[in-house]
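Structural features, examined
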Amino acid sequence: MPSLIRRSKKQHASLLDSHTVVNLFFEDSTRTRTTFEIAGKRLGASVINLNTARLSTKKGETVLDTVRTLEAMDTDIFVVRDSASGTAHLIARHVPAHVHIINAGDGRHAHPTQAMLDMFTIRESKGDFSQLRFAIVGDILHSRVARSQIAALQILGAREIRVIAPATLLPTEIERLGVTAHTDMDEGLTDVDVVMMLRLQLERMEGQLIPSSQEYFRCYGLNQDRLNRAAPDAVVMHPGPMNRGLEIASDVADSERSLILSQVKNGIAVRMAIMAELVGMRPKGSS
Amino acid sequence: MKIKICNGRVIDPTSGEDQIRDIYIADGVIADPQKAQQAFSEDREIDATGQVVCPGLIDLQARLREPGEEHKATLQSELAAAISAGVTSVCVPPDTNPTIDTPAMVHMVRQRGRRIQKARVYPLGALTVGLNGERLTDMAALKEAGCTAVSNGDRIIDNTLVIRRAMQYASTFNLTVFLTPLDHWLKGNGCVHEGEVSTRLGLPAVPEAAEVVALARDLALIETTGVRAHITQISCARSVEKIREAKQRGLNVTAAVSAHHLHLSEQDIGDFDTRYHVMPPLRSLADRDALRDGVASGVIDAICSDHQPHGLDAKLAPFSESASGIAGIETLLPLTVKLAHEGAISLTDAIARVTTHPARILGIDVGTLTPGAPADVCVFDPTAERLIDVSQFVSQGKNHPFDGKTLPGVIAHTFVAGIEVVN
């Protein structure tokens, strides 16, 4: 994959020639949709963006109606984002085998391409996962990113995975996913090598999951003092978009230990690789 | 019409009987076997060798969708489904559209049921007008129209004072109150058990406490009002515990569980399989086992189908947006027999949970093979197995997680009031 990034853009420009990619976003997203769009276009595919608020399934067109209509127009890859967990699975079960579904985030369930680009970024910076301690910090309960990161870290043999959040934002039996849960940020960050912050969606919190943004930043915001508890060469990640001063202090976000911009850059390459793999096209000279 | 059913294994939980003998039916009722042996000129003889002969099943909770949702199912289709599966009496919650909250609605549903001439229908009267949880219904009139019990169906009453007064008022007229414990705040928009699976799949969860909190509240009110109450469905170990305690303290309370909760758990949901979307949700394996123990020990009195037929589209949606429920009436007997096959309970006790006990809970005179009782009889092969194929369901609902699986218990004959309705 690194070769994909190093080579000039033009070398891959025909891999997805004559393919159609539909970005089917039932939930708003600028960043993920844009990176998928760029990834598809760099591979030579026709990319169509459909940002459509989904009607309740009881009225109007259902998810599957929408997909079948588009599928009839010879779509090769659907990139699907939805606010309900399991939508990509549902679609994948109801399209013919030659149509590929990429999950670009489903409810609280999974955001696999985000986790893959995160893993790629960590490997670039840190190498072997088996020696590394990871901490995922923030709204674990609602986070599809956290669930996919945990799954990916398990597969890659991480030494230790911690999740850090107040009890209101920790899902039940999270330990069953192979992580240790911490409600104390200072304790949770001690000696970790990679700090993976999550975006806090304040509008979801209803004043009950967390009392206020001030209190949250006081207890769970990542600032320089807290980061000093982690390993001396610890790195900081964030899937974006960041809430500066809510979950992460600006000086940390912009510091040399932050991998946040690498994540964005790698996001395009990783998504190009996923699309090319799916349709069985590899650049010449790669194994 | 006189019918003799020969050589069957007669299981009548009312008397505890389990032996090979003949059953006699005359003029729609069970005839006294002693008298019949001396002089009985049957019009028809049925050989039931190798078959179980037991009272027709009584399903304490089945949604037949009529009136209001005839696009999903009708009384005609679902009562035919019932008898095809040995279910001769069906208790219908009042959450139809319009709701069953007036004597006229009770008469309408009962009359429609009678005209169809399949299984018997027992509509529950609404506890509150329109099930809105505010004003009490005219319960004395509902009783006169034929209701033996009242319920708020699937609508939750939040106002504790209303529940208490409804219980007091129902007890005035010796009506049983059917309650479905669920705290609507704790349930929220949850669709699966709060546990490992909800965490892994990221699905909104219903904590066990949503049921236990409401059940504890209801039991406290049952105790102070002295009403006779039936808990329509429980789903977790703690609820079994609560019912056990309540019974030990002498409360006049019974409880049921759905057949699917005795065989499935949250683990079966796999990757968002919407056929397993039910409410209350399928809970942990430990909960399932506690429910089985509860049924075996008698803490749980009855097993119901919680039949909920849906159209095809209802399950073709993301899990949280799919309709909950299983079209389970045709598997009530097979899943109950399966419990006995698996050694969880004796066959006699299992049959009691779907015949005699539900009859007692509803206060109706069926569910027994006692001479003089209406001849609602089910004859089935307890060892034969049947492939569950939803396309072969009589019910209009094809939503069933056991599709493609094999279950024991194959119906040979069903009689309602001495008339053979299935052969």
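Residues numbered from 1 in each chain as written. Chains lettered and ligands numbered in written order. Predicted model: local features only at pLDDT ≥ 70, side-chain atom pairs only at ≥ 80, totals over all residues.

**Some words on the overall build of chain B**
Counting its secondary structure elements, chain B contains 13 helices and 19 strands. For 423 residues, the compact-globule formula gives about 22 Å, and the C-alpha radius of gyration of chain B, at 21 Å, lands near that figure. Taken along its principal axes, the extent of the C-alpha atoms in chain B is 65 × 50 × 45 Å. A buried classification covers 59% of the 423 residues belonging to chain B. Restricting the contact set of chain B to residue pairs at least 6 apart, pairs at least 24 apart contribute 75%. (Helix = DSSP H or I, 4+ residues; strand = E, 2+ residues; numbered from the N terminus. Rg over C-alpha atoms; globule rule 2.2 N^0.38 Å. Buried ≥ 20, exposed ≤ 12 C-beta atoms within 10 Å, placed from the backbone. Contact = placed C-beta atoms within 7 Å.)

**Quick look at the overall build of chain A**
When helices and strands are counted, chain A shows eleven helices and nine strands. The C-alpha radius of gyration computed for chain A amounts to 19 Å, which stays within 12% of the reference 19 Å derived for 287 residues, consistent with globular compactness. Taken over the C-alpha atoms alone, chain A extends approximately 55 × 50 × 30 Å along its principal axes. Buried positions account for 48% of the 287 residues belonging to chain A. Sequence-distant contacts in chain A: of pairs separated by 6 or more residues, those separated by 24 or more amount to 76%.

**So, the sheet that holds strand 10 (residues 149-151) of chain B**
Residues and elements named next belong to chain B. Within the open sheet, the six strands sit side by side as 9-10-11-14-15-16. Their pairing is parallel. Sheet topology places strand 9 (125-126) and strand 16 (302-304) at the edges, where each strand pairs with a single neighbour. Sheet topology places strand 10 next to strand 11 (residues 176-179); three bridges connect them, and they run parallel. Within strand 11, the position partnered with Val150 by the bridge is Val177. (Pairing = 2+ DSSP bridges.)

**Some details on the domain arrangement of chain B**
Residue and element names in this part refer to chain B. When its domains are assigned, chain B resolves into domain 1 (2-52 + 376-422) and domain 2 (56-362). A C-alpha centroid distance of 25 Å is found between domain 1 and domain 2. Taken together, the 29 residues of domain 1 in the interface contact 46 residues of domain 2. Contributing elements (two or more residues each) for the side of domain 1 that touches domain 2: strand 17 (377-387), strand 18 (406-416) and strand 19 (419-422). In terms of residues, the side of domain 1 that touches domain 2 owes the most to one element, strand 18, which gives six residues. (Domains from an automatic or database assignment.)

**Some points on the environment of Thr383 of chain B**
All names here are of chain B. Its place among the elements puts Thr383 in strand 17. Since 13 C-beta atoms lie within 10 Å of it, Thr383 is described here as partly exposed. Spatially, the C-alpha atom of Thr383 lies 37 Å from that of Ala246, the residues being 137 residues apart in sequence.

**Considerations on the domain arrangement of chain A**
Where interface size is given, it is often the accessible area lost as the parts come together that is meant. All names here are of chain A. Partitioning chain A into domains gives domain 1 (2-107 + 264-278) and domain 2 (112-255). Measuring from the centre of the C-alpha atoms in domain 1 to the corresponding centre in domain 2 gives 27 Å. Every contact between the two is made by 13 residues of domain 1 and, on the other side, nine residues of domain 2. With six residues, helix 11 (residues 260-278) is the single largest residue contributor to the side of domain 1 that touches domain 2.

**What about the nonpolar core?**
Among the nonpolar cores identified, the biggest contains 215 residues, and Phe134, Val137, Val194 and Val195 of chain A together with Val90, Val150 and Val177 of chain B are the most heavily contacted of them. Examining the composition of this core, we find that nine residues originate from one element, helix 11 of chain A, more than from any other. Contacts of Val177 of chain B, omitting those with residues within four sequence positions, involve Leu127, Ala149, Val150, Ser151, Ala166, Met167, Ala170, Val227 and Ala229 of chain B. (Core = buried A, V, L, I, M, F, W, Y, C linked by C-beta atoms within 7 Å.)

**Description of unusual backbone geometry**
Note the cis peptide between Gly240 of chain A and Pro241 of chain A, where omega equals -15°. Of note, Pro241 of chain A is situated in the loop between strand 9 (235-237) and helix 10 (250-253). For the bond running from Asn97 of chain B to Pro98 of chain B, omega is 0°, close enough to zero to count as cis. Tracing the chain through its elements places Pro98 of chain B in the loop between strand 7 (87-92) and helix 3 (103-116). One non-glycine residue with positive phi stands out, namely Gln117 of chain B, at about 60°. Inspection of the secondary structure assignment puts Gln117 of chain B in the loop between helix 3 and strand 8 (120-123).

**Some thoughts on the sheet that holds strand 2 (residues 46-51) of chain A**
Strand pairing in a sheet takes place through backbone hydrogen bonds and is either antiparallel or parallel in direction. Residue and element names in this part refer to chain A. Read from one edge of the open sheet, four strands run 2-1-3-4, paired in parallel fashion. Each edge of the sheet is formed by a strand with only one pairing partner; in this case those strands are strand 2 and strand 4 (100-106). Averaged over all neighbouring strand pairs, the angle between strand axes comes to 15°, with direction disregarded. Where strand 1 (residues 20-25) lies against strand 3 (residues 77-82), five bridges are found, and the strand directions are parallel. Across the sheet, residue Leu24 finds its bridge partner in strand 3, namely Val80. (Axes fitted to C-alpha atoms, helices over the stretch in contact; angles between N-to-C directions.)

**Overview of the interface of chain A and chain B**
Taken together, the contacts link 22 residues of chain A with 18 residues of chain B. Those elements that place two or more of their residues in the side of chain A that touches chain B are helix 3 (63-71), helix 4 (87-93) and helix 6 (144-155) of chain A. In terms of residues, the side of chain A that touches chain B owes the most to one element, helix 4 of chain A, which gives three residues. Residues belonging to the side of chain A that touches chain B are distributed by class as follows: seven nonpolar, nine polar and six charged. (Nonpolar A, V, L, I, M, F, W, Y, C, P; charged D, E, K, R; others polar.)

**As for the packing of helix 5 (residues 112-126) of chain A against helix 11 of chain A**
Two measures define how a pair of helices packs: the angle their axes make with one another and the distance between the axes. Residues and elements named next belong to chain A. Taken N-terminus to C-terminus, the directions of helix 5 and helix 11 make an angle of 115°; their axes are 8 Å apart at the nearest point. The handedness of the crossing between helix 5 and helix 11 is right-handed. Contacts between helix 5 and helix 11 pair Thr113, Met116, Leu117, Asp118, Phe120 and Thr121 from the former with Ser262, Gln263, Asn266, Gly267, Val270, Arg271 and Ile274 from the latter. Looking at the contact of helix 5 with helix 11 residue by residue, the class counts come to five nonpolar, six polar and two charged. (Left-handed = near helix turned anticlockwise from the far one by under 90°.)

**Re the environment of Ala350 of chain B**
All names here are of chain B. Positionally, Ala350 belongs in helix 12 (residues 347-352). Separated by 97 residues in the primary sequence, Ala350 and Val253 place their C-alpha atoms 20 Å from one another. Once you skip the residues sitting within four places of it in the chain, Ala350 turns out to touch Thr336, Val337, Leu339, Ala340 and Ile345.

**Regarding the environment of Ala286 of chain B**
Residues and elements named next belong to chain B. Within the secondary structure, Ala286 is located in helix 10 (residues 285-297). On the basis of neighbour count, Ala286 is assigned to the exposed category, with 12 C-beta atoms found within 10 Å. Placed 21 residues apart in sequence, Ala286 and Ser265 show a C-alpha to C-alpha distance of 8.9 Å.

**Observations concerning the pairing of strand 8 of chain B**
Working note: regular strand, side chains alternate between the two faces of the sheet. All names here are of chain B. Neither face of strand 8 is exposed, since Arg120 and Tyr122 on one face and Val121 and Pro123 on the opposite face are all buried. Pairing geometry for strand 7 and strand 8, over four bridges, is parallel. Opposite Val90, over in strand 8, you have Val121 as the bridge partner.

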